[in-house]
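# Inside the fold
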Amino acid sequence: MQGEQLELAARTGLSEPLLRPEDAAELLSVKVSWIYEACRNGRLPFLRVGKHIRFTRADLERWVSSQRSPVQ
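### Comments concerning the overall build of the protein chain
Helices and strands together make up the secondary structure of the protein chain, namely four helices and two strands. Scanning the protein chain from its N terminus toward the C terminus, one meets helices and strands in the order α-α-α-β-β-α. Of all 72 residues assigned to the protein chain, the portion counted as buried reaches 25%. Residue pairs in contact within the protein chain that sit at least 24 positions apart in sequence constitute 39% of those at least 6 positions apart. Approximately 5,300 Å² of the protein chain is accessible, and the part contributed by carbon and sulfur atoms is 51%.

### Details of the environment of Leu27
Summarising the element assignment, Leu27 is placed in helix H2 (residues 21-28). Leu27 sits 33 residues away from Leu60 along the chain, and the two C-alpha atoms are 8.6 Å apart.

### Things to note about H2
Turning to H2, its buried residues number three or more, namely Pro21, Ala24, Ala25 and Leu28. Buried residues of H2, seen end-on, are gathered within an arc of 100 degrees and therefore sit on one face of the element. Next to the buried residues of H2 lie helix H3 (32-40), strand S2 (52-54) and helix H4 (57-67). Looking one or two places after H2, you find Ser29, whose phi comes out positive at around 60 degrees.

### Structural notes on the pattern of salt bridges
Two side chains that carry opposite charge are able to pair once their charged atoms sit near each other. One pass over the full model with this rule turns up four salt bridges. Residues Glu22 and Arg20 are paired through a salt bridge, measuring 3.8 Å at the closest nitrogen-oxygen approach. Here Arg20 falls in the partly exposed class, since its relative accessible area comes to 27%. The residue Glu61 makes a salt bridge to Arg57 at a minimum N-O spacing of 2.9 Å.

Rules used throughout
- Throughout this description, residue numbers start from 1 for each chain and increase along the sequence as written.
- Thresholds applied to this predicted model are a pLDDT of at least 70 for local features of residues and 80 or more for the giving and counting of side-chain atom pairs; totals over whole chains, interfaces and linings are not thresholded and use all residues.
- In computing side-chain values, all of the structure's heavy atoms are included and hydrogens and water are not.
- Secondary structure elements follow DSSP: runs of H or I of four or more residues count as helices, runs of E of two or more count as strands, with numbering from the N terminus.
- Residue burial is assigned from relative accessible area. The probe radius is 1.4 Å, only protein chains are included, and a residue is buried under 20% of its type maximum, exposed over 50%, and partly exposed in between.
- Working rule for contacts: check all heavy atoms of both residues, and any pair within 4.5 Å makes them a contact.
- Surface accessibility follows the Shrake-Rupley procedure with a 1.4 Å probe radius. Residue values consider only the protein chains on display as shielding.
- Note that the arc is computed from the directions linking the helix axis to the C-beta atoms.
- We count a salt bridge whenever a side-chain nitrogen from Lys or Arg sits within 4 Å of a carboxyl oxygen from Asp or Glu.

Now the structure itself:
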């Protein structure tokens, strides 16, 4: 599957491969079910590729940064 993601990234001009929900869950240290729920509720940025949801690492990193509490 990783090879397919790299091939898709090259064909579409993406600068990075797309991540599957399992990959996003591992990156964020959460359960895959949380990923799906966060996408359904509009809390987590994602891309739809056909019927599949995919993520970019950069989008997830930006999302994590936006979730940080301000330092007081």
